[in-house]
Amino acid sequence: MNNDNPLLASQREKAGSETFGKYLYQYHWALYRVLKEHEEGKEYAVFVELHEDVVLATSLDKNLANFEFSQIKTTKANFTQNSLVKIGKQNSVLGKLIDSSTKQKFADSITKINLVSTGGFNKDFHPKGLDLEDICISDIPVDNMSVLCSEIMKELSLQCFPINLHFITPELPEKGFQDSIIGYISKVVSKLYPDSMTQAEYIYRPLYDELTRKGIVKNDFKEWEELLDKKALTSITVNKVIRQFTKRKDDDKIFRELDEILKELGLNTIQRKSWIKSFERYYLNRIGNKTLHQLDIQKEIEVNINDCNDEISQLIDLCLINLSQNVKEKFNEEKDIKTAIICEFILKDIECKE
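Conventions adopted
Residues numbered from 1 in each chain as written. Predicted model: local features only at pLDDT ≥ 70, side-chain atom pairs only at ≥ 80, totals over all residues. Heavy atoms only, no water. Helix = DSSP H or I, 4+ residues; strand = E, 2+ residues; numbered from the N terminus. Buried < 20%, exposed > 50% of the residue type's maximum accessible area, 1.4 Å probe, protein only. Contact = heavy atoms within 4.5 Å. Areas by Shrake-Rupley, 256 points an atom, 1.4 Å probe, with all protein chains shown as cover. Lys, Arg positive; Asp, Glu negative; His and termini not counted. Charge placed at Lys NZ, Arg CZ, Asp CG, Glu CD. Salt bridge = Lys/Arg side-chain N within 4 Å of Asp/Glu carboxyl O. Pairing = 2+ DSSP bridges. Axes fitted to C-alpha atoms, helices over the stretch in contact; angles between N-to-C directions. Left-handed = near helix turned anticlockwise from the far one by under 90°. Nonpolar A, V, L, I, M, F, W, Y, C, P; charged D, E, K, R; others polar. Phe/Tyr/Trp six-rings, centres within 6.5 Å; stacked < 30°, edge-to-face > 60°.

The name recorded for the protein in an unreviewed UniProt entry is DUF4297 domain-containing protein, from Sulfurovum indicum.

## A few points about the overall build of the protein
Each helix and strand counted, the protein has 14 helices and nine strands in total. Dimensions of the protein, computed from the C-alpha atoms along their principal axes, are close to 75 × 70 × 45 Å. By the burial criterion, 46% of the 354 residues in the protein qualify as buried. Pairs at least 24 apart in sequence give 66% of the contacts found in the protein among residues at least 6 apart. Split by element, the accessible area of the protein, about 20,200 Å² in all, is 49% carbon and sulfur. In the protein, which carries 49 positive and 57 negative side-chain charges, the distance between the mean positions of the two groups comes to 5 Å.

## Considerations on the environment of Lys230
Residue placement: Lys230 occurs in helix 7 (residues 224-231). The spatial distance from the C-alpha of Lys230 to the C-alpha of Phe47 is 9.9 Å, given a sequence separation of 183 residues. Contacts of Lys230, omitting those with residues within four sequence positions, involve Lys214, Val217 and Phe221.

## Quick word on the pattern of salt bridges
As enumerated under the stated definition, the model contains 19 salt bridges in all. Salt-bridge contacts for Glu68 lead to Arg33; the nearest nitrogen and oxygen are separated by 2.9 Å. Here Arg33 lies in helix 1 (residues 15-39) and Glu68 lies in strand 3 (residues 67-73), a separation of 35 residues in the sequence. For the pair Glu68 and Arg33, a shared accessibility class is recorded, and that class is buried. Of the charged contacts, one joins Lys230 and Glu226 as a salt bridge, the two residues approaching to 3.3 Å between their closest N and O atoms. With Lys230 and Glu226 both in helix 7 and four residues apart, the pair spans about one turn of that helix. Given the relative accessible area of 33%, Glu226 is considered partly exposed. Through salt bridges that share partners, Asp259, Glu260, Lys263 and Arg272 make up one connected network.

## Topic: the pairing of strand 6 (residues 165-168)
The side-chain alternation of strand 6 yields two buried faces, one formed by Leu165 and Phe167 and the other by His166 and Ile168. Pairing geometry for strand 4 (residues 110-117) and strand 6, over four bridges, is parallel. Residue pairing in the sheet places Asn114 in a bridge with His166 of strand 6. Here strand 5 (residues 134-136) runs beside strand 6; their pairing, made up of three bridges, is antiparallel. In the sheet register, Cys136 faces strand 6, and the bridge partner there is His166.

## With respect to the sheet that holds strand 5
Ordered by their spatial adjacency, seven strands build an open sheet running 5-6-4-3-2-1-8, and the pairing between neighbours is mixed. Both outer strands of the open sheet, strand 5 and strand 8 (232-234), are each paired with one neighbouring strand and no more. Across this sheet, the average inter-strand angle for adjacent strands is 20 degrees, counted without regard to direction. Direction of pairing for strand 1 (residues 45-50) relative to strand 8: antiparallel, over a ladder of three bridges. Looking across to strand 8, one finds that Ala45 is bridged to Thr234. Sitting on the sheet, helix 1 touches strand 1, strand 2 (52-57), strand 3, strand 4 and strand 8, and the angle it makes with strand 1 is about 160 degrees.

## A closer look at the packing of helix 1 against helix 6 (residues 200-215)
Contact geometry of helix 1 with helix 6 gives a least axis separation of 10 Å together with a crossing angle of 115 degrees. The hand of the helix 1/helix 6 crossing is right-handed. Of the residues in helix 6, those touching helix 1 at Leu24, Tyr27, His28, Ala30 and Leu31 are Tyr204, Leu207, Tyr208, Leu211, Thr212 and Gly215. Tallied by class, residues from the contact of helix 1 with helix 6 come to eight nonpolar, three polar and no charged.

## With respect to the packing of aromatic side chains
Under the counting rule described, the total for this entry stands at 15 aromatic pairs. Each ring, one from Phe121 and one from Phe167, has its centre 5.3 Å from the other, and the planes form 70 degrees; the classification is edge-to-face. Note that Phe121 is positioned in the loop between strand 4 and strand 5 and Phe167 in strand 6, a separation of 46 residues in sequence. Since its relative accessible area comes to 6%, Phe121 is described here as buried.

Here it is in structure tokens:
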């Protein structure tokens, strides 16, 4: 059978495909940055197309968050000193990046300004004999750095040059980046949940969709929580998606024990459903969240469980009384505290039996 392409002909132009490819890479680099944070069990939010191509917030608490601004360039050739400071229609490449991050009222909260280039940076940026993936300004030879400083300060009328500037050649390849991200998801899940079974492709799709859906939002938001809700991909959402498509080793055993405890507590069907949901929220947060906040809760409940040797209902009540007000205030309602106690009790029980 003849399989020749009936549409085979030289295409009039390919600019649309190339532009779309650049945007796709940008969104996938944002996903890569998300996974780097998630791999370390950190709390974070990532914004695409907010002041800069990609912005990372290091906390969901606005009082604790610092920010990392990244501009992504998909170029075949590497950047030279001249190409970085060559002024185009408005600014040079480097001037545009520094301008967007140093003249904002929140500039003091920006701890890192990244220029990410798939083409990398030429030898003028690297210390002699080295080929660095992440170049900070102290790595750049003094004479070359003086030229960059002089040109940028003149272009932007700055009084000082930002010392938190980094030039990054990304690990994420320019070709086949979708497959690389799916592979990275699989690696992150294996690290977080050893011996689990996951479907990395199923995790990738909703995360990518969430990022693109929020990336096109153009509105400004006065409230931080609203900005997170409407514009960010957060560690909470990533946790939920990973958990949805990952089956952990002890899940069956844990939920069988939960079922027995809920029977012992005499809950009716509606109450059971509500308690199971509450239990799932704590359990999944407990195993996927390694923040100090979560560890503090876990540690205090464990201490109180160790001090109780009563029936489960009495154990829950005694533990509830003994918990500090600081820990209690981290839960929405008393039922959530009780299911957290049950969760820690079950996990401790399984650990003792192994």
